[in-house]
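This is what each chain is made of:
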Amino acid sequence: MDTLAFYLFAFLSVAGGVLLVALRNPVSSALAMVLSFVGLAGLFIGLNAYFVGIVQILVYAGAIMVLFIFIIMLLDLNDEETVKFRSSSVLAGIIIPLLLLAQILGVIQAGHQGEEAEFEEIDVASMKVSAEKFVRNDDDGKALPRSEQSAIYKSLTHEKSPKLPDTNLIGHTIFKSYNFPLQVMGALLLVATIGVVVLSKRTHKQAPSES
Amino acid sequence: MASLNEFLFVSGLLFAIGLAGVILRRNIIVIFMCLELMLAAASLTLVAFSRFHLKDGLPDYNGQVFVFFIITVAAAEVAVGLAIIVALYRARQTINVEDLTSMRG
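All values reported here derive from a predicted model rather than from experimental measurement. (Residues numbered from 1 in each chain as written. Chains lettered and ligands numbered in written order. Predicted model: local features only at pLDDT ≥ 70, side-chain atom pairs only at ≥ 80, totals over all residues. Heavy atoms only, no water.)

A. Looking closely at the interface of chain A and chain B. Listed per partner, the contact involves 87 residues of chain A and 73 residues of chain B. Between chain A and chain B the total buried area reaches about 7300 Å² when both faces are included, carbon and sulfur atoms providing 77% of it. At the surface where chain A touches chain B, the tally comes to zero salt bridges. Scanning the region where chain A abuts chain B turns up seven residue pairs in polar contact (both at pLDDT 80 or more). Among the elements of the structure, helix 1 (3-22), helix 2 (26-46), helix 3 (50-75), helix 4 (87-111), helix 5 (124-130), helix 7 (166-177) and helix 8 (179-200) of chain A are those that each provide at least two residues to the side of chain A that touches chain B. Sort the elements by how many residues they give to the side of chain A that touches chain B and helix 3 of chain A lands first, with 13 residues. The residue makeup of the side of chain A that touches chain B, split by class, is 61 nonpolar, 15 polar and 11 charged. (Contact = heavy atoms within 4.5 Å. Buried area = accessible area lost by both parts, 1.4 Å probe. Salt bridge = Lys/Arg side-chain N within 4 Å of Asp/Glu carboxyl O. Polar contact = N/O pair within 3.5 Å; in protein donor to acceptor, adjacent residues only side chain to side chain. Helix = DSSP H or I, 4+ residues; strand = E, 2+ residues; numbered from the N terminus. Nonpolar A, V, L, I, M, F, W, Y, C, P; charged D, E, K, R; others polar.)

B. Local environment of the domain arrangement of chain A. Residues and elements named next belong to chain A. According to the domain assignment, chain A contains domain 1 (1-80) and domain 2 (124-200). Centre-to-centre separation of domain 1 and domain 2, based on C-alpha positions: 28 Å. Contacts between the two partners involve five residues from domain 1 and, on the opposite side, four residues from domain 2. When the area that domain 1 buries against domain 2 is broken down by residue, the three leading residues are Asn48, Tyr50 and Phe51, summing to 89%. For the pair domain 1 and domain 2, the interface holds zero salt bridges. For the interface between domain 1 and domain 2, the tally reads two residue pairs in polar contact (both at pLDDT 80 or more). Tallied by class, residues from the side of domain 1 that touches domain 2 come to four nonpolar, one polar and no charged. (Domains from an automatic or database assignment.)

C. View of the side chain of Ser29 of chain A. Tracing the chain through its elements places Ser29 of chain A in helix 2. For Ser29 of chain A, a relative accessible area of 0% gives the class buried. For Ser29 of chain A, the residues in contact, after removing those within four places along its chain, are Leu20 and Leu23 of chain A together with Arg25, Val30 and Met33 of chain B. (Buried < 20%, exposed > 50% of the residue type's maximum accessible area, 1.4 Å probe, protein only.)

D. A look at the side chain of Arg25 of chain B. Structurally, the position occupied by Arg25 of chain B is in the loop between helix 1 (4-24) and helix 2 (28-52). The class for Arg25 of chain B is buried, based on a relative accessible area of 1%. Among the polar contacts made by the side chain of Arg25 of chain B, one reaches the main-chain carbonyl oxygen of Leu20 of chain A at a distance of 3.5 Å. Here Val21 of chain A takes part through its backbone oxygen, which lies 2.8 Å from a polar atom of the side chain of Arg25 of chain B.

E. Summary view of the packing of helix 2 of chain B against helix 3 (residues 61-92) of chain B. Residue and element names in this part refer to chain B. In the contact formed by helix 2 and helix 3, the axes pass within 10 Å of each other and the chain directions differ by 175°. By the angle class used here, helix 2 and helix 3 are roughly antiparallel. Seen from helix 2, the contacting residues are Ile28, Ile29, Phe32, Glu36, Leu39, Ser43, Leu46, Val47 and Ser50; seen from helix 3, they are Gly63, Gln64, Phe66, Val67, Ile70, Ala74, Glu77, Val78, Gly81, Leu82, Ile85 and Leu88. When its residues are assigned to classes, the contact of helix 2 with helix 3 shows 14 nonpolar, five polar and two charged. (Axes fitted to C-alpha atoms, helices over the stretch in contact; angles between N-to-C directions. Parallel < 35°, antiparallel > 145°, perpendicular 65-115°, else oblique.)

Following this line, the structure appears as structure tokens:
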């Protein structure tokens, strides 16, 4: 990835985060959150994680932001926070993140003494080599013709334009190594859906006054 | 090209900003957004490590699968959390955390 693009998207995501904390109006905060997530998605795509980047935009900027805006509008929170921040909480809000940041920096410095993790390009030659893991063989151990190979192999060894088939590879990893967690995720989503319906159902009984 | 340390630094910075928001802000919806920012910052770390730890010339996709799971959990969490906030607003007519002190006993 170009270094310039990295700094652009890193600046975008950090600026979005700062605006999210600093802006008083909740709607502006939600839009700043989207700005931050778009920057993060750019960083993901720069790291060759195309699928995760696209899902980040679809889920956060598409679904979650709409939910937030919808709830803000529903509750009619147009009045801005007029309450002054207490100085103790401002102090805590500045000092605790700074301590955390110093700690993270210390760990990064300590973890890479001498050797720096190098960014290795994923080029045509290395993709050809890694495609060997995905070759399909017939019963005699000979490689099948190209038309019967998997999509991952075909995409990695394409003559004209070899691409990193990262969606296929993530699917391959999920269904091969993370089959049970995937089903737990499905159950989690179902339980969350039922829970939301139960929570937001308006009860006609009089709510207890001392709630 | 940016090094692994720079990605980890950006991620730590975003996490610290999210934490500052959680401590500073009084609006519970904005606190919730800052929690989302912290989750996303953690997934940047995972993707960066996945990319810099090449296995046979390909990124280590275990990390990206984990990010996929994080995004799923975050979506479910937002749905449930916002439903709780709406229920809370119906009961108390406020979403300011300083007015919600009945748990203090």
